[in-house]
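# Structural description and commentary
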There are 2 protein chains.
Amino acid sequence: MSTRDRIVGEAMRLFWEKGYASTSINDILKAADANAGSLYHFFPGKQDLLCAVLDTYQSGIRPMLLEPAWAGIDDPIERIFALLARYRQLLIDTGCTYGCPIGYLALELHEPDPVVRVRIAANFDGWVDAIEECIAAARDRFPADVDPRRLAHFVLTTMEGAVMQARTYRTIETFDQSIAELRRYFNALQQTAGAPKPKGRKK
Amino acid sequence: MSTRDRIVGEAMRLFWEKGYASTSINDILKAADANAGSLYHFFPGKQDLLCAVLDTYQSGIRPMLLEPAWAGIDDPIERIFALLARYRQLLIDTGCTYGCPIGYLALELHEPDPVVRVRIAANFDGWVDAIEECIAAARDRFPADVDPRRLAHFVLTTMEGAVMQARTYRTIETFDQSIAELRRYFNALQQTAGAPKPKGRKK
DNA sequence: GTCTATATACGGATAGAC
DNA sequence: GTCTATCCGTATATAGAC
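None of the values given here were measured: they were computed from a predicted structure. (Residues numbered from 1 in each chain as written. Chains lettered and ligands numbered in written order. Predicted model: local features only at pLDDT ≥ 70, side-chain atom pairs only at ≥ 80, totals over all residues. Heavy atoms only, no water.)

## Considering the overall build of chain A
Helix and strand counts for chain A stand at nine helices and zero strands. Along its sequence from the N terminus, chain A presents helices and strands in the succession α-α-α-α-α-α-α-α-α. When the backbone C-alpha atoms are referred to their principal axes, chain A occupies close to 70 × 35 × 35 Å. Counting over 203 residues, chain A shows a buried share of 51%. Within chain A, contacts between residues separated by at least 24 positions form 69% of all contacts whose residues are at least 6 apart in sequence. (Helix = DSSP H or I, 4+ residues; strand = E, 2+ residues; numbered from the N terminus. Buried < 20%, exposed > 50% of the residue type's maximum accessible area, 1.4 Å probe, protein only. Contact = heavy atoms within 4.5 Å.)

## Notes on the domain arrangement of chain A
All names here are of chain A. Structurally, chain A comprises domain 1 (1-43) and domain 2 (51-191). With 13 residues of domain 1 in contact, the opposing surface of domain 2 contributes 13 residues. The three residues of domain 1 that bury the most area against domain 2 are M12, W16 and Y20, which together make up 59% of that side's buried surface. At the boundary of domain 1 and domain 2, one finds zero salt bridges. The interface formed by domain 1 and domain 2 includes four residue pairs in polar contact (both at pLDDT 80 or more). Looking at the side of domain 1 that touches domain 2 residue by residue, the classes come out as eight nonpolar, two polar and three charged. (Domains from an automatic or database assignment. Buried area = accessible area lost by both parts, 1.4 Å probe. Salt bridge = Lys/Arg side-chain N within 4 Å of Asp/Glu carboxyl O. Polar contact = N/O pair within 3.5 Å; in protein donor to acceptor, adjacent residues only side chain to side chain. Nonpolar A, V, L, I, M, F, W, Y, C, P; charged D, E, K, R; others polar.)

## Digging into the nonpolar core
Ranked by internal contacts, the top residues of the largest apolar core, which has 148 residues, are I80, W127 and F186 of chain A together with I80, W127 and F186 of chain B. Excluding residues that lie within four positions of it along the chain, W127 of chain A makes contacts with I61, L65, L83, L84, Y87, V155, L156 and M159 of chain A. (Core = buried A, V, L, I, M, F, W, Y, C linked by side-chain atoms within 4.5 Å.)

## As for the interface of chain B and chain A
It is common to give the size of an interface as the accessible area that goes away when the parts come together. Taken together, the contacts link 50 residues of chain B with 50 residues of chain A. With both sides pooled, the region where chain B packs onto chain A buries about 4,500 Å², and carbon together with sulfur makes up 56% of that total. Put simply, chain B and chain A have four salt bridges between them. The salt bridge partner of R150 of chain A is E181 of chain B, with a shortest N-O separation of 2.9 Å. At the boundary of chain B and chain A, one finds 30 residue pairs in polar contact (both at pLDDT 80 or more). Residue assignment for the side of chain B that touches chain A shows that the elements contributing at least two residues are α1 (3-18), α6 (101-108), α7 (114-137), α8 (148-169) and α9 (173-191) of chain B.

## What to know about the protein's contact with DNA strand D
In the region of DNA strand D, 13 residues are neighbours, and I25 of chain A together with T3, N35, G37 and H41 of chain B sit closest. When atoms of DNA strand D within 4 Å of the protein are sorted by moiety, sugar and phosphate together comprise 71%. Between DNA strand D and Y40 of chain A, the relevant distance is 3.2 Å, taken from a phosphate oxygen to a side-chain nitrogen or oxygen of the residue. Among the secondary structure elements, those contributing two or more residues to the surface near DNA strand D are α3 (36-42) of chain A together with α3 (36-42) of chain B. (Near = heavy atom within 4 Å.)

Okay, structure coming up:
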């Protein structure tokens, strides 16, 4: 594994565990067993390293996040909740301390440089894209006026808000309850899908 | 206005605008037109000042947040959405940069001292209490198996998640859409309230 | 591309006169 | 309770040999 990859990987882990501001260049160097000269050879500064981390997250959404979460699950709606269950497991594994690394950075960096902000937004977009695909695949279970992308953003809203509370209360309870409410919302939407529009239903 | 109050007030503003870590003691001193000696006369350290800020937020929930938001609004469910509209206005007024100061701190402080974390949780609790009261006041509009506190936490979940996205995308659109989905969920719950439990309905 | 030593600034916190 | 000067650690970043 190259020095560059080690630096990016350890930075990714440390930004997640300690936050961006609280992680010093020295922390990263020690964890990656590298020297300052190496880091500044690859990156002009700390922020550029952050950009590399965010790019790595983005390109990892499908192979590292979605594919493991969706293995063996075919129903598109169940895939949504399987993804949310991954975040639940992440919280459980860390004593409800670490949740979504992107959401964390999104709030920690108050007025980030545009180069950083667009990358955070791109990560959210990639996540929402995946949820939207699931909803679109189950399109005929929902009322016609349900907007798949809007609903997908709402799933992200729920996940991030639920993670925030789990972290604050250091308990999985509020997370589970928020996901349960989201599930109930999905059920309610699907129940009302058939009745109001009995026109042109396929098959 | 006392020096102490000026220090707490400016710290509150700066923590909100720049974050806790990025706000230096010197920033606060300059903004409050005070000296280091004064600050350390009132507070042992920066974290104690943060605690004072969080206590101020908590005691201000009703007079500073709920009462203005609820002025002239009697319907308990409309009160919930009126409160959410306050956060919307906050985002609008700041170019979608600053949202809920508590949620911000909740994610910025990764592993905060227990003294800090319990104060963040207390702020969330106070907020959820208010929402729960609204839902409880409209209890008979919802199905019997709706848990008012659980649903109240879900409102907080939605608000915080929606604010996070508004900040990231620098647009009010995703915020509005998330609130619209929450409204739709509330409507769906209320529509199903009458039918499944026609027993002992009052009046 | 890797290493050590270091420049330079700023952080939180303190001392002690007034 | 207020003020100035300052300690001391750590931060990001750089210089320059290898």
